[in-house]
Amino acid sequence: MNFRLWILFLLVHTIGFAQTGKLSGQCTDAELKTPIPYATLICYPSDGTQVSREFQADEEGNFTVELQSGSYRIKAMAANYDTEEFTQTINPNNLAQFQVEMHLQEDGATLDQIVIKVETNRQMEHALLADQRKAVQIKTSIGAEELSRKGVGDASAAVTKMSGISKQEGSSTIYVRGLGDRYNATYMNGLPVVSNDPEKKNIDLNFFNTDIISHINMDKVYQSETYGDFAGGGVDIYSKAFTGKTLFQIALGSQVNTNAIGQKRFATAQGFSNMGYQQNKDMYKNLSAYSFDRSLNYSKQQPVGGNINLRGGTSFDFKNGHELQAFATVGFNNNYTFQEGYNRVAQAQNQYLKNFDQTSSEYQTNTTAMANLNYRFNNDHKISYNYLFLNASQLKTDIYEGYIRDIAEQDNGYISRSTYTQNQLHIHQLLGQHKINDRLNLNWAGSFNQVNSAMPDRSQNTLRFNNDVNAYVFSTNTTSDNHRYYQNLKENEWATALALDYNLGEKGVNSKGKITLGYNGRFKDRSFNAIQYNMKINSNQQMATPENLDAFYNQTNFSQGLFSINTYSGDTTPQFYTGDQNIHALFANINYKLSERLFAIVGFRMEDIQQNVAWKTQLDNAGNNNNYSKKAFLPQLTLKYAQTTNQNFRLGLSKTYTLPQFKERALFMYEDVTEVKIGNPDLYASDNYNLDLKWEWFPTKSEVVAVTAFGKYIQNPINEITLASATNDISFINSGNNGYVYGVEFEGRKQLWDFSDTDENKLTAGLNLSYMKTTQDLDSEKVRNETNYNINLTDKRASFTGASNLNLNADLSYFKAWKQQQFQSTLVFNYFSDRLYALGTESKGNLVDKGFGTMDLVLKYQFNKKIGMGLNAKNISNPKVRRVQENATQTVDIMEYTKGTGLNLSVNYTF
């Protein structure tokens, strides 16, 4: 069906045969005559022929809804107000207008002693836009309503729907304004979250599925209440809490990937749990026997995934006026993907060191459980407890076939590599909010995070086809060609936050602003252990069958001396590094109303940072340690000029820093098939200076147009650099004296057509666009002077790794509601231009990921209040993912594959 026919279908579909009218009005306080935001109204037909209809007023208390003609009994409800009931007749093609006056609940307090608090539903798009418009801070948010409309399944995909943000293909790394993992930060409910990956600063956002997300704040402008390790953006995931009536819902789904389904070569390693919980993670093996119990043969899979989710909530009202709200959700999903293409390593002279045809079969699981308890003593005192459990596993099998220099120079090489990882995260949070009096408010919070990450029994085997014996034989070029590898990471983190607000206005009304004083503490410790068992093949003509490696690797052949097992240390002592990091911070800021239109936040933050790393690895068998400390003074200024009630100008200035991570400073080696990474004990922090200038206009409650210009100056930026070595190792280096990031962002949301004037039959569009430039000095001499590493960078200047000049996100949505039914369709498009993957050295060109666009289609249909279904088609354009090396004489193709289209069908039922 072409686009014109599709639009015609939508227009025809809007025509109904039932006689309808409209109900419009405003909810206000009966005494103060002020609007009551987000009041809930329920319409009950008097004749009982229809089921009740529920809707919500906007931020100004206004509402408009289309109803079938007839008489209705209507209830209006809002926090801290008595429920109001009234009747109203809806006549065909007429508009019924009236004022709903609501009375404050009687609790012994007088009106002049009470500050009316309204719980904003931050899952809704228009509520988040209202918050963005009113706030003095510069902020961007995306809520559950928008995530559902765009078919977003996790927090990683969610943030890429915001302007200036993209994701590195094939990894969990998020880039904010061209700045990658090290420059960003992750929080949950305002408290920091640990990483699951020893190489990463931030946790993989794929783990946070949208079933637990209320909304996500993306802070691109620094505020003094948050930690100073910040330059790109801070992702703050707010978990869902219970609101409304008692709820219990179940959702089921099934999903396939077009590359994987029907793929005869889809195969994964045996011996790992299909549910994602691996019991046997013991890394200590007997070197005098073959004690590995997991088979190295592959198993065929039927690559059809599925998901199930349960969630429920309720509230309890006590006689003393206290209230307890409880919400819980638990879910499990699994998914299969298959990729096929090529993967290469090239020299500066355009010759290949490795040239593979590669297939990748992958199976993923994700288990999520969350509980949320909110206890409200009264309007002035509230405490909350949040618990989140995440368990994610990934089982990946890569097959590389082709050319390997010095091993298989007749395109007869074969490498099989199977990797299983399990990440388990526990988050405990306790938060409190207290109004001490009309001027003083106290907010406090504490959290404990624990992550356990395991890679039990990664296996790799390297073979070549020998024409003389008409069979594959093992490679014996290096001892690590054939190995089994184990690693375990455990990290604990405690965090505290304390903030005291002093209101400058009278009787708690913030007419002039407030002063905030506070403390943050963050204390983490990490232990990382790894051991690699190298299989030393004792004959360079030892034959093997790739599909049946168990026929060679067994106790019988070990006892006969066909192979032996060794480690870097000669025994089962693992490599390890440990790290601890303590941050104490004091902050103060004043949020002040300078005039009726001009507002300012002036903030200061002081941090004392201590980071200690110790190690004993194959690069340093004697062991060593490294201590790093920094004292940071971080000023911050934010200005807001409200030109009109719906139009703002904003300015943000700040200084921040970027810390190196534990593994980057530990002298540890991590080997992959096509690259090797090692740490740098001489690595140190970067300092960042940030500028933002923003104009925004809110034409209606659901529309926004915004333009932001931004710039960043980074001293001593950190990059991943290829060292001058025989194996082309990669390390982490302060590669120059300074770098710059500057650009412009555009954000727009527009209602294109409103077919009914009630927001219940509409076509809307959204566009996020960013254009930026990044550049940095590259100084080989600086690196040689500051470290023990020798490098010769190809260029004197380069862009930042991961930065795309152009990022674009667009969506087109149609929504229609009638009676209890709803239909919604959304077409989503994302594009990023070319971006630097790694800097070139020794005359080799830079590695560049070529730009591409993806398109998703999301369809949702709600049959009634209980039953709904959805169909998501992800990556329907299925473009090629490409990486090239831009050498001096020509551009060399390095990698190419397609991801396939993901199809998901889901059904949900609410009891």
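Owing to the predicted nature of the structure, the values given are computational and were not obtained by experimental measurement. (Residues numbered from 1 in each chain as written. Predicted model: local features only at pLDDT ≥ 70, side-chain atom pairs only at ≥ 80, totals over all residues. Heavy atoms only, no water.)

A.B. asks: Can you help me understand the side chain of threonine 638 in this one?
C.D. replies: Turning to its location among the elements, threonine 638 is positioned in strand 31 (residues 620–644). The exposure class assigned to threonine 638 is buried, which follows from its relative accessible area of 0%. In terms of polar contacts, threonine 638 uses its side chain to reach the side chain of glutamine 223, at 3.3 Å. Apart from the residues within four sequence positions on either side, threonine 638 is in contact with Val136, Gln137, Ile138, Gln223, Phe599, Ala600, Ile601 and Leu651. (Helix = DSSP H or I, 4+ residues; strand = E, 2+ residues; numbered from the N terminus. Buried < 20%, exposed > 50% of the residue type's maximum accessible area, 1.4 Å probe, protein only. Polar contact = N/O pair within 3.5 Å; in protein donor to acceptor, adjacent residues only side chain to side chain. Contact = heavy atoms within 4.5 Å.)

A.B. asks: Can you help me understand the pattern of salt bridges in this one?
C.D. replies: If charged atoms from side chains of opposite charge come close, those side chains can pair. Going through the model one piece at a time under the given rule, you end up with 32 salt bridges. With a closest N to O distance of 3.6 Å, glutamate 493 and lysine 524 form a salt bridge. Of this pair, glutamate 493 sits in strand 25 (residues 483–503) while lysine 524 sits in strand 26 (residues 513–537); the two residues are 31 residues apart in sequence, bridging distant segments of the chain. Considered together, glutamate 493 and lysine 524 belong to a single accessibility category, that of buried residues. Overlapping salt bridges bring together Glu491, Glu493, Arg522, Lys524 and Arg526 as one network. (Salt bridge = Lys/Arg side-chain N within 4 Å of Asp/Glu carboxyl O.)

A.B. asks: I tried to follow the pairing of strand 29 (residues 575–593) on my own but got confused; where do I start?
C.D. replies: Successive residues of a regular strand alternate their side chains across the two faces of the sheet. Where strand 26 meets strand 29, 18 bridges bridge the pair, whose relative direction is antiparallel. By the bridge assignment, lysine 514 is partnered in strand 29 with asparagine 591. Here strand 29 folds back onto strand 30 (residues 598–617) in antiparallel fashion, the turn holding four residues. (Pairing = 2+ DSSP bridges.)

A.B. asks: Mind showing me how you'd approach the pairing of strand 31 here?
C.D. replies: Of the pairings in the sheet, the one linking strand 30 to strand 31 comprises 19 bridges and is antiparallel in character. If you follow alanine 614 over to strand 31, its bridge partner there is asparagine 625. What sits between the antiparallel neighbours strand 30 and strand 31 is a turn of two residues. Strand direction decides the pairing type here: strand 31 and strand 32 (residues 647–658), joined by eight bridges, are antiparallel. Within the sheet, the bridge partner assigned to leucine 639 lies in strand 32 and is leucine 651. Hairpin geometry of strand 31 and strand 32 is characterised by an intervening segment of two residues between the two adjacent antiparallel strands.

A.B. asks: Looking at this model, I keep getting lost on the sheet that holds strand 1 (residues 20–29). Mind explaining?
C.D. replies: Strand pairing in a sheet relies on backbone hydrogen bonds, with the paired strands running either antiparallel or parallel. Strand order in this open sheet of three strands is 4-1-7, and the pairing throughout is mixed. The open sheet has two edge strands with one neighbour each: strand 4 (62–68) and strand 7 (95–102). When strand polarity is set aside, the average angle formed by the axes of neighbouring strands in this sheet is 25 degrees. The pairing of strand 1 with strand 7 spans eight bridges and is parallel. Along strand 7, the bridge assignment pairs lysine 22 with leucine 95. (Axes fitted to C-alpha atoms, helices over the stretch in contact; angles between N-to-C directions.)

A.B. asks: What's the story with the confidence of the model for the chain in this structure? I'm lost.
C.D. replies: Summarising the model, the chain shows a mean pLDDT of 85, and 91% of its residues fall at 70 or more. Across residues 1–18, where pLDDT falls below 50, the model places 14 contacts with residues more than four positions away in sequence or in other chains. For residues 107–120, every residue scores under 50 in pLDDT, and the model assigns this stretch 23 contacts once sequence neighbours within four places are set aside. (pLDDT = per-residue confidence, 0-100.)

A.B. asks: Teacher, can you tell me more about unusual backbone geometry here?
C.D. replies: Leaving glycine out, the prevailing phi sign among residues is negative, and the prevailing peptide bond configuration is trans. Backbone geometry at asparagine 93 places phi at a positive 60 degrees, although glycine is not the residue there. You can see asparagine 93 is positioned in the loop between strand 6 (84–90) and strand 7.

A.B. asks: Just to check I follow, could you spell out the sheet that holds strand 6 for this structure?
C.D. replies: Strand order in the open sheet formed by four strands is 3-2-5-6, with antiparallel pairing between adjacent strands. Whereas interior strands pair on both sides, the edge strands pair on one side only; in this sheet they are strand 3 (53–56) and strand 6. Strand-to-strand, the axes of this sheet are offset by a mean angle of 25 degrees, without reference to chain direction.

A.B. asks: Teacher, can you tell me more about the state of the cysteines here?
C.D. replies: Cysteine pairs can be linked by a disulfide, which is a covalent bond between their two sulfur atoms. If you walk through the whole model with that rule in mind, you get zero disulfides. A disulfide-free cysteine, cysteine 27 has its sulfur positioned 11 Å from the sulfur of cysteine 43, the nearest such atom. Judged by relative accessible area, cysteine 27 falls into the buried class, the value being 0%. (Disulfide = S-S within 2.5 Å.)

A.B. asks: Even after reading the chapter, I still don't get a nonpolar patch on the surface, so can you show me in this structure?
C.D. replies: On the surface, a nonpolar cluster with roughly 460 Å² of combined accessible area is contributed by Phe863, Ile867, Met869, Leu871, Leu905 and Val907. At the level of secondary structure, the elements contributing two or more residues to the nonpolar patch comprise strand 47 (867–874) and strand 50 (902–910). By the secondary structure assignment, leucine 871 is in strand 47. The exposure class assigned to leucine 871 is partly exposed, which follows from its relative accessible area of 39%. (Patch = residues over 30% accessible without salt bridge, like charges linked within 9 Å, V, L, I, M, F, W, Y side chains within 5 Å. Areas by Shrake-Rupley, 256 points an atom, 1.4 Å probe, with all protein chains shown as cover.)

A.B. asks: Explain the packing of aromatic side chains here, please?
C.D. replies: In this description, an aromatic ring pair is defined by two values, namely the gap between the centres and the angle between the planes. Tallied over the entire structure, the rule returns 39 aromatic pairs. With 5.4 Å between their ring centres and 55 degrees between their planes, tyrosine 290 and phenylalanine 292 make a pair best called tilted. Residue classification places tyrosine 290 among the buried positions, given a relative accessible area of 11%. Their ring planes at 90 degrees and their centres at 6.0 Å tell us that tyrosine 486 and tyrosine 533 sit as a pair that is edge-to-face. A residue pair is termed long-range when its members are at least 10 positions apart, and tyrosine 486 in strand 25 and tyrosine 533 in strand 26 qualify at 47 residues. Counting every residue linked through ring pairs, the aromatic cluster contains Tyr290, Phe292, Phe474, Tyr486, Tyr533, Phe552, Tyr553, Phe558 and Phe563. Its end group placed over the ring of tyrosine 485, arginine 458 keeps NZ or CZ at 4.1 Å from the ring centre. (Phe/Tyr/Trp six-rings, centres within 6.5 Å; stacked < 30°, edge-to-face > 60°. Lys NZ or Arg CZ within 6 Å of the ring centre and 35° of its normal.)

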